[in-house]
Amino acid sequence: MANSEKFKDIVLPRHVGVIMDGNGRWAKKRGLPRYEGHREGAKTFRRIAEYASEIGIKNITFYAFSSENWKRPPQEVNAIMQLLREYLDEAERRQKENEEKGIRIRFIGDLSRLPEDIRKKIEEAQKLSEEKTKCTVSIAVNYGGRQEIVKAVRDIAEKARKGEIKPEDITEADIENCLYTAGIPDADLIIRPSGEKRLSNFLTWQSVYAEFYYTDVLWPDFTTDDFDKAILDFANRDRRFGGV
Ligand code: IPE
Ligand code: IPE
Ligand code: MG
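Just so you know, these numbers come straight off a predicted model, no measurement behind them. (Residues numbered from 1 in each chain as written. Chains lettered and ligands numbered in written order. Predicted model: local features only at pLDDT ≥ 70, side-chain atom pairs only at ≥ 80, totals over all residues. Heavy atoms only, no water.)

Since one α-helical turn is 3.6 residues long, residues separated by three or four positions face the same way. Over its 17 residues, helix 7 (residues 145-161) runs 24 Å from end to end, which matches the ideal 24 Å to within 8%, given 1.5 Å per residue. If you check which residues of helix 7 are buried, you get Gly-145, Glu-148, Ala-152 and Ile-156. Along the axis of helix 7, the buried residues cluster in a sector spanning 70°; they form a single face. Those residues of helix 7 that are exposed and angled more than 90 degrees off the buried face are Arg-146, Val-153, Arg-154 and Arg-161. Those residues of helix 7 hidden inside the fold are in contact with strand 4 (135-143) and helix 8 (172-177). (Helix = DSSP H or I, 4+ residues; strand = E, 2+ residues; numbered from the N terminus. Expected span 1.5 Å × (residues − 1). Buried < 20%, exposed > 50% of the residue type's maximum accessible area, 1.4 Å probe, protein only. Arc of directions from axis to C-beta. Contact = heavy atoms within 4.5 Å.)

Encoded structure:
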């Protein structure tokens, strides 16, 4: 069966969040340095992003590097930045293929702290794919949910200072419009592999009514079958949003 037909009769999440966790443990189990786990995890990311688009997911956000991950040893941080560079270079090389797939690439997070060359590549990748509408793949880098809310508060405070908005008129929609994810629906489903059961500062505002799916599989081992399991599990959840 074609991937596009697979889930045509079930309710798909409008926005999936994926916490790509377990790369370090994957490497450790094999006696490899941690960056080898990140390298393998980056391959999983490519596979799952493409697959999600094929089965009809419209929005998917991958947590690649949190605002807290700077606490890691510099060699590990550098290795992750290098993988990001390689991904962006590849995206540029494969522009034609990507175009046919209809994938829009976006980055969310405080990008100002990233190396200059990566920021440039990000801008290019975003620009090259900005017209694509089949699936929006967001990559969260130096992202923190609280930091994102602080950013929104600052933006709104600035508007209030200029007299463009009155404090008593501020709505949830005003806040949403100032988040990195403006224009993307709230997360319906959040997947976390590796056995950890926490959000770790991911999509704080957007996850208030998200369904959570956890699996012990480590991210580098995560397959399209694992993704299917999460999608089917989601389809069977009874979502009430506070109603009956
Ligand atoms: C996730 O894998 C990748 C990043 C946080 C950048 P980890 O590196 O956290 O892997 P574990 O949790 O140590 O196994
Ligand atoms: C969350 O994983 C961040 C990413 C996957 C990018 P961590 O491994 O950093 O989270 P904690 O430290 O276990 O909460
Ligand atoms: Mg981890």
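Now for the packing of aromatic side chains. Per the counting criterion, the structure on display carries 12 aromatic pairs. When the centroid spacing of 6.2 Å and the interplanar angle of 85° are considered together, the rings of Tyr-51 and Phe-227 count as edge-to-face. Of this pair, Tyr-51 sits in helix 3 (residues 34-55) while Phe-227 sits in helix 9 (residues 224-235), and the two are 176 residues apart along the sequence. Here Tyr-51 matches Phe-227 in class, with each residue buried. Aromatic rings pair up to connect Phe-45, Phe-62, Tyr-87, Trp-219 and Phe-222 into one cluster. (Phe/Tyr/Trp six-rings, centres within 6.5 Å; stacked < 30°, edge-to-face > 60°.)

Attention shifts here to empty space enclosed by the protein. Evaluation of the coordinates by the stated rule reveals 1 cavity of 30 Å³ or more. By volume, the largest cavity amounts to about 150 Å³. Lining the largest cavity are 15 residues, and of these Ala-91, Glu-92, Gln-95, Ala-125 and Leu-128 lie nearest its centre. When contributions to the lining of the largest cavity are tallied by element, the ones reaching two or more residues are helix 4 (74-93), helix 5 (95-101), strand 3 (103-108) and helix 6 (116-129). Broken down by element, the residue count for the lining of the largest cavity peaks at 5 residues, all from helix 6. When its residues are assigned to classes, the lining of the largest cavity shows 6 nonpolar, 3 polar and 6 charged. (1 Å grid on protein atoms, 1.4 Å probe; cavity = no way out; pocket = protein on both sides within 12 Å on 5 of 7 lines; lining within 4 Å. Points joined across faces, edges and corners; volume = space filled by probe spheres on them. Nonpolar A, V, L, I, M, F, W, Y, C, P; charged D, E, K, R; others polar.)

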